[in-house]
Amino acid sequence: VEVLIMTDSATRADILTFLAEALAARDGSDARRPESLEGLHLVGDLGMDSLDTVSLFFDIEEQFSVRIPEGEIAPLQLLQVGNLVNYIQEHGSE
Amino acid sequence: MTVGVDAIAICLPPMVVTSDEIVLAHNFDKDFVFEKLGIASRHVLSDGETVSWLARSAVDELLATTGRPAEDVGLLIVVTQTPDYGLPHVSAIVQAEAGIPQSALVMDVGLGCSGYVYGLATARALMAAEGIAVGVLVTVDAYSRIVDPTERNTAPLFGDAATATLLVHDARYSVGRSTFGTDGSRHESLIVRGSGSTAGPRGQLVMDGREIFDFALREVPKDIWRCLELNGLAIEDIDRVVLHQANAFMVKSIARRLKLPDERVVLEIGDVGNTTSSSIPIALARRILNRPDLPRHVLLSGFGVGLSWGSTILTASGGADHDG
């Protein structure tokens, strides 16, 4: 995954594109259309396991200068891509 | 001439627990354990077997295969965090049972997965300073005694093992300069509460997997770059990288961050699991030291409980450059 320099807060499209590329790099598949990810669940729909999600959150934290606390993942349903994007937009570059 | 690694003996307890058994008993995801963690089986101590017995067996094996008499050993360091007793130290028991002289420098080092690097650096410095000709560095742990067998984070991961490394001044591999790191503010990320002198019932291993993963991916690559610089080498100079074998996913993730080609990264975990401080010497013994053509530069990096980390570089005496 190419590391982009995020100047101001990332747009929703930026984040979805990053996620699409990150997911493709992880399983070696062609990148999905970014907008198609919005309603998907990282585990239920995209088949990620606990190590995949830990690794993805690590990449997201580095890319968007955001901290995703473990205690907020379940209450905020951050395994749902749309919720995750919202969270990154709200807390990125803090 | 600097102190270095000449030979390594491995001792694994006879009892084997397969990942099939663990998956079946606890309804774990089979692909996750076999493919992601990369672990098919592990050895565990049986009732009546002890950590000091495992350590002593590794020392006996090392001395027998190298033809070194126990009377020659002037230093014995045992790296462990699962000793037989709160006190005395394991190395004292091993000293007596292996027939190592009472005049030897004998002590334990209380470290986990970074312990082999720290043990090498400690032994190297003490042997040089005190004029000791022959040293033995033991790594031994029995996490089967502290892991909850139903805990999803830890049960499929760990195996019991001991190794014994022969350290001499004219060794097949010299030990270079080492780098070290500790972040004690995160010590609760991997902890056995109630196992020391603090109040509370005896506990079992608790691991914050995400915290450990984040720590390893942030600190280990930085430490490796620092170690390369300290030794005047570039990553391209390194023929093999032996990381602590935490699990296959972790090893591959760190290697990816270092942009290392797969063929230079040793993965040796399938039949032993994560053996904490023994994982690096097991990989060294099985994948490096048994080769007729020793890779010239081998980078070692250990990381884990503490949180603690450290890296060093082994350089072969007359080894071939970049043997691929």
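Scope of this entry: the structure provided in the associated data block. Not measured: the values here are computed from a predicted model.

1. What about the overall build of chain B?
Phase 1: Scanning chain B from N- to C-terminus turns up 8 helices and 14 strands.
Phase 2: For chain B, the C-alpha radius of gyration of 19 Å lies close to 20 Å, the compact-globule estimate for 324 residues.
Phase 3: Its C-alpha atoms put chain B at 55 × 45 × 35 Å along the principal axes.
Phase 4: A burial count over chain B gives 60% of its 324 residues as buried.

2. Side note on the overall build of chain A
Phase 1: A count of helices and strands for chain A gives 4 helices and 0 strands.
Phase 2: Mapped in sequence order, the helices and strands of chain A form the string α-α-α-α.
Phase 3: In terms of overall dimensions, chain A is globule-like: its C-alpha atoms have a radius of gyration of 12 Å, near the 12 Å expected for 94 residues.
Phase 4: The principal-axis extent of the C-alpha atoms belonging to chain A is close to 30 × 30 × 20 Å.
Phase 5: Expressed as a percentage of its 94 residues, the buried residues of chain A come to 40%.
Phase 6: Long-range pairs, those at least 24 residues apart, make up 55% of the contacts in chain A between residues at least 6 apart in sequence.
Phase 7: In the structure as shown, chain A presents an accessible area of about 4,900 Å², 49% of it carried by carbon and sulfur atoms.
Phase 8: The averaged location of the 18 negative side-chain charges in chain A is 5 Å from the averaged location of its 5 positive side-chain charges.

3. Some remarks on the packing of helix 3 (residues 51-66) of chain B against helix 4 (residues 90-98) of chain B
Residues and elements named next belong to chain B.
Phase 1: Running from N to C, helix 3 and helix 4 point in directions that differ by 50°, and their axes come no closer than 9 Å. Considering their axes alone, helix 3 and helix 4 lie oblique with respect to each other. Of the two possible hands of crossing, helix 3 and helix 4 adopt the one that is right-handed. Of helix 4, the residues touching helix 3 (which contributes Val-51, Ser-52, Ala-55, Arg-56, Val-59 and Asp-60) are Val-90, Ile-93, Val-94, Glu-97 and Ala-98.
Phase 2: Of the residues belonging to the contact of helix 3 with helix 4, the class tally is 7 nonpolar, 1 polar and 3 charged.

4. Details of the nonpolar core
Nonpolar side chains tend to gather and get buried jointly when the protein is soluble and globular.
All names here are of chain B.
Phase 1: If you look at the biggest cluster of nonpolar residues, it comprises 52 residues, and the most contacted ones within it are Leu-205, Ile-224, Leu-228, Leu-243, Met-250, Ile-254 and Phe-303.
Phase 2: Among the elements that make up this core, the one with the highest residue count is helix 6 (residues 209-230) (9 residues).
Phase 3: With near-sequence residues (within four places) excluded, Ile-254 lies in contact with Ala-216, Leu-217, Val-220, Pro-221, Leu-243 and Phe-303.
Phase 4: The next biggest cluster of nonpolar side chains, apart from the first, holds 32 residues, and it includes Ala-123, Leu-137, Val-266 and Leu-314.

5. Focus on the pattern of salt bridges
Phase 1: Counted according to the given criterion, the structure contains 24 salt bridges over all chains.
Phase 2: For Asp-52 of chain A, the salt bridge goes to Lys-36 of chain B, with nearest N and O atoms at 2.7 Å. Of this pair, Asp-52 of chain A sits in helix 2 (residues 50-64) while Lys-36 of chain B sits in helix 2 (residues 30-36), placing the two residues on different chains.
Phase 3: We classify Asp-52 of chain A as buried; its relative accessible area is 9%.
Phase 4: Since its relative accessible area comes to 17%, Lys-36 of chain B is described here as buried.
Phase 5: By sharing partners, the salt bridges in this structure join Glu-61, Glu-62, Arg-67 and Glu-70 of chain A together with Arg-210, Asp-214, Arg-218 and Arg-257 of chain B into a single network.

The rules we used
- Residues numbered from 1 in each chain as written.
- Chains lettered and ligands numbered in written order.
- Predicted model: local features only at pLDDT ≥ 70, side-chain atom pairs only at ≥ 80, totals over all residues.
- Heavy atoms only, no water.
- Helix = DSSP H or I, 4+ residues; strand = E, 2+ residues; numbered from the N terminus.
- Rg over C-alpha atoms; globule rule 2.2 N^0.38 Å.
- Buried < 20%, exposed > 50% of the residue type's maximum accessible area, 1.4 Å probe, protein only.
- Contact = heavy atoms within 4.5 Å.
- Areas by Shrake-Rupley, 256 points an atom, 1.4 Å probe, with all protein chains shown as cover.
- Lys, Arg positive; Asp, Glu negative; His and termini not counted.
- Charge placed at Lys NZ, Arg CZ, Asp CG, Glu CD.
- Axes fitted to C-alpha atoms, helices over the stretch in contact; angles between N-to-C directions.
- Parallel < 35°, antiparallel > 145°, perpendicular 65-115°, else oblique.
- Left-handed = near helix turned anticlockwise from the far one by under 90°.
- Nonpolar A, V, L, I, M, F, W, Y, C, P; charged D, E, K, R; others polar.
- Core = buried A, V, L, I, M, F, W, Y, C linked by side-chain atoms within 4.5 Å.
- Salt bridge = Lys/Arg side-chain N within 4 Å of Asp/Glu carboxyl O.

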